[in-house]
Amino acid sequence: MADGEGDINQGFLMIKCDDKAVKLVKKELWVVQVGSSLHLYKSPVEAAPLQSLEIKGAEVAKLDAKKKAKKSSLEMTVGKSRFEIACAGEEDRENWFAALTEASGKEPAPPPSKEAVEKSKKLGRGARMKKAAGGKLASSGAGKAMTRRLADEETQLLLKNLKIVIAKDSNKKKADEIENDIMKIAVKSFFLVDNKVVNGNVFLDVDGPIRRAFELIEKVWDKKERLSEEACTNAFKTIEGHLRKAEKVLTEILLPHLKPHSIQRIKGIFNYLGSARFLQQIIMDDELEDEVHELVQAMVRYTQVHHYKD
């Protein structure tokens, strides 16, 4: 749970409701709690919530911890509606239990401004952990940290700039599609690790080739005016190779646990983002120079945070 100080709490939750009258737009959500309102977002980078839930007067309880699948879950009853909420871990469940119990006695509140949300992140437990680690190195809980990265500042910035570039290269619909697929795979991976179905350390084998691809993209970007056409072509083929390696490893990890349409999402992501055509086109396009510069800087920030196996 990326819990902020004050009245804002936020993090990924998997929410189910047994009341057919309550139609959740999706089950896996980025939840921002302020007052007695839960604002549900597709991802941390979205500006507006998909929908909101009012939980004033709610009753919140922990589900039976003896059942492995329920160890990180809460039950929340609002009127006639019953919600089952899967948290990111037992510690996260404790934090959300306290936050939701307190929120049930408050008044409704509108979605917080982006500035308020960012401020809460900087003051939150995740930021204090980063500071304690020197901002550059995280050496404990590395496997789970890799799946948590979709909510950290570096990854949010990377996704934001990637989406801008895709929209320019293709269109907004394609950008939304790619972002949605990335978030779905990331959240599914997170819950597989949290439920101890998959050892989180294996995701570091995906991070390695992605990191090498980003580092080579930075070099090409810095030297693109001086590189020959042949050198550029070879570099982009090498980058594509690194990303295809990441795709292969990620698919092997998730294949036993995800449905075919989810595996197809992985293929779709890498077919687009991992192609030499896409990379060469955006990097060599002068009209995209400002957007690609921001994207490359986001890649640099990503590679500056290191994780090691437990």
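Before going into details, it helps to say that this report is about the structure given with it.

Some remarks on the environment of Glu215
Assignment of secondary structure puts Glu215 in helix H7 (residues 204-223). Note on Glu215: relative accessible area 33%, which makes it partly exposed. Residues Glu215 and Ile239 lie 24 residues apart in sequence; the distance between their C-alpha atoms is 9.2 Å.

What about the pairing of strand E3 (residues 28-34)?
Extensive coverage of E3 is indicated by the burial of seven of its seven residues. The pairing of strand E2 (residues 8-17) with E3 spans seven bridges and is antiparallel. Within E3, the residue paired with Gly11 across the bridge is Val31. Across five bridges, E3 lies against strand E4 (residues 37-41) in antiparallel orientation. Each bridged residue has a counterpart across the sheet, and for Val34 the counterpart in E4 is Ser37.

Some words on helix H10 (residues 276-284)
Side chains three or four residues apart in an α-helix point the same way, a direct result of the helix having 3.6 residues per turn. Within the sequence span of H10, burial applies to Ala276, Phe278, Leu279, Ile282 and Ile283. An end-on view of H10 places all buried positions within 165° of arc, on one side of the element.

A word on the pattern of salt bridges
In a structure, side chains of opposite charge can pair up when their charged atoms sit close to one another. Using the criterion set out here, one finds 17 salt bridges in the structure. The salt bridge partner of Lys168 is Glu291, with a shortest N-O separation of 3.4 Å. Here the residue Lys168 occupies a position in helix H5 (residues 153-169), and Glu291 occupies one in helix H11 (residues 289-303), the gap between them amounting to 123 residues. Among the residues examined, Lys168 registers a relative accessible area of 51% and is labelled exposed.

Some details on the pairing of strand E7 (residues 73-78)
By the bridge criterion, four bridges tie strand E6 (residues 59-62) to E7 in an arrangement that is antiparallel. Within E7, the residue paired with Ala61 across the bridge is Glu75. The pairing of E7 with strand E8 (residues 81-86) spans six bridges and is classified as antiparallel. Across the sheet, Leu74 pairs through a bridge with Ile85, a residue of E8. Linking two consecutive strands that pair antiparallel, namely E7 and E8, is a turn of two residues; a positive phi of about 60° is found at Gly79 within it.

Some remarks on the packing of aromatic side chains
This model, assessed by the stated rule, comprises four aromatic pairs. Ring geometry for Phe12 versus Trp30: centroids 5.0 Å apart, planes at 75°, classification edge-to-face. Taken together, the positions of Phe12 in strand E2 and Trp30 in strand E3 put the pair 18 residues apart, joining distant regions of the chain. Judged by its relative accessible area of 10%, Phe12 falls in the buried class. Look at Trp30 and you get buried, because its relative accessible area is 3%. Sitting over the face of the ring of Phe97, Lys62 holds its NZ or CZ atom 4.8 Å from the ring centroid.

A few points about helix H9 (residues 260-273)
Compared with the 20 Å implied by 1.5 Å per residue over 14 residues, the 20 Å span of H9 between its first and last C-alpha is a close match. The set of residues buried in H9 consists of Ser262, Ile263, Arg265, Ile266, Ile269, Phe270, Tyr272 and Leu273.

Side note on the packing of H7 against helix H8 (residues 229-254)
It is at 8 Å that the axes of H7 and H8 come closest, and there the two elements cross at 165°. Taken together, H7 and H8 sit at an angle that is classed as roughly antiparallel. Read as a crossing pair, H7 and H8 show a hand that is left-handed. Where H7 approaches H8, its residues Asp205, Val206, Pro209, Ile210, Arg212, Ala213, Leu216, Ile217 and Val220 are matched on the opposing element by Ala235, Phe236, Thr238, Ile239, His242, Leu243, Lys245, Ala246, Val249, Leu250 and Ile253. A per-class count over the contact of H7 with H8 returns 15 nonpolar, two polar and three charged.

Brief notes about the packing of H8 against H10
It is the contact of H8 with H10, at a shortest axis distance of 9 Å, that shows an interaxial angle of 130°. Viewed along their axes, H8 and H10 adopt a mutual orientation that is oblique. In this structure, H8 crosses over H10, and the sense of that crossing is right-handed. Along the contact surface, H8 presents Cys232, Thr233, Phe236, Lys237, Ile239, Glu240 and Leu243, while H10 presents Ala276, Leu279, Gln280, Ile283 and Met284. Tallied by class, the residues present in the contact of H8 with H10 amount to eight nonpolar, two polar and two charged.

Cut-offs used in this document
Each chain has its residues counted from 1, following the order in which its sequence is written. With the structure being a predicted model, the display of local features is reserved for residues of pLDDT at least 70 and the display and counting of side-chain atom pairs for 80 or more, all residues being used for whole-chain, interface and lining totals. Water and hydrogen atoms play no part in the side-chain values, which are based on all heavy atoms of the structure. A helix here means a DSSP run of H or I that spans at least four residues, while a strand means a run of E at least two residues long, and both kinds are numbered starting from the N terminus. Exposure is judged per residue with a 1.4 Å probe applied to protein chains only, and the accessible area is read against the type maximum: over 50% gives exposed, under 20% gives buried, and values in between give partly exposed. When DSSP finds two or more bridges between two strands, those strands count as paired. Relevant arc is that of directions from the helix axis to the C-beta atoms, nothing else. Put simply, a salt bridge is a Lys or Arg side-chain nitrogen that is within 4 Å of an Asp or Glu carboxyl oxygen. Whether two aromatic rings pair depends on their centres lying within 6.5 Å, for rings of Phe, Tyr and Trp, where Trp uses its six-membered ring; planes under 30 degrees apart make the pair stacked, over 60 edge-to-face, and the rest tilted. Look at NZ for Lys and CZ for Arg. If either is within 6 Å of the ring centre and within 35 degrees of the ring normal, a charge sits over the ring. To estimate the expected span of a helix, count its residues, drop one, and scale the result by 1.5 Å. Between N-to-C directions, angles cover 0 to 180 degrees, with each direction set by a line fitted to C-alpha atoms, over the stretch in contact for helices. Orientation categories follow fixed angle ranges, with anything under 35 degrees roughly parallel, anything over 145 roughly antiparallel, 65 to 115 roughly perpendicular, and all other angles oblique. Here a crossing is taken to be left-handed if its near helix is turned anticlockwise relative to the far helix by less than a right angle, and right-handed if that turn runs clockwise. Contacts were defined at the residue level, with two residues in contact if any of their heavy atoms lie within 4.5 Å. Under the scheme applied here, ten amino acids are nonpolar (Ala, Val, Leu, Ile, Met, Phe, Trp, Tyr, Cys and Pro), four are charged (Asp, Glu, Lys and Arg), and all others, including Gly, are polar.

The analysis is restricted to geometry; functional conclusions fall outside its scope.
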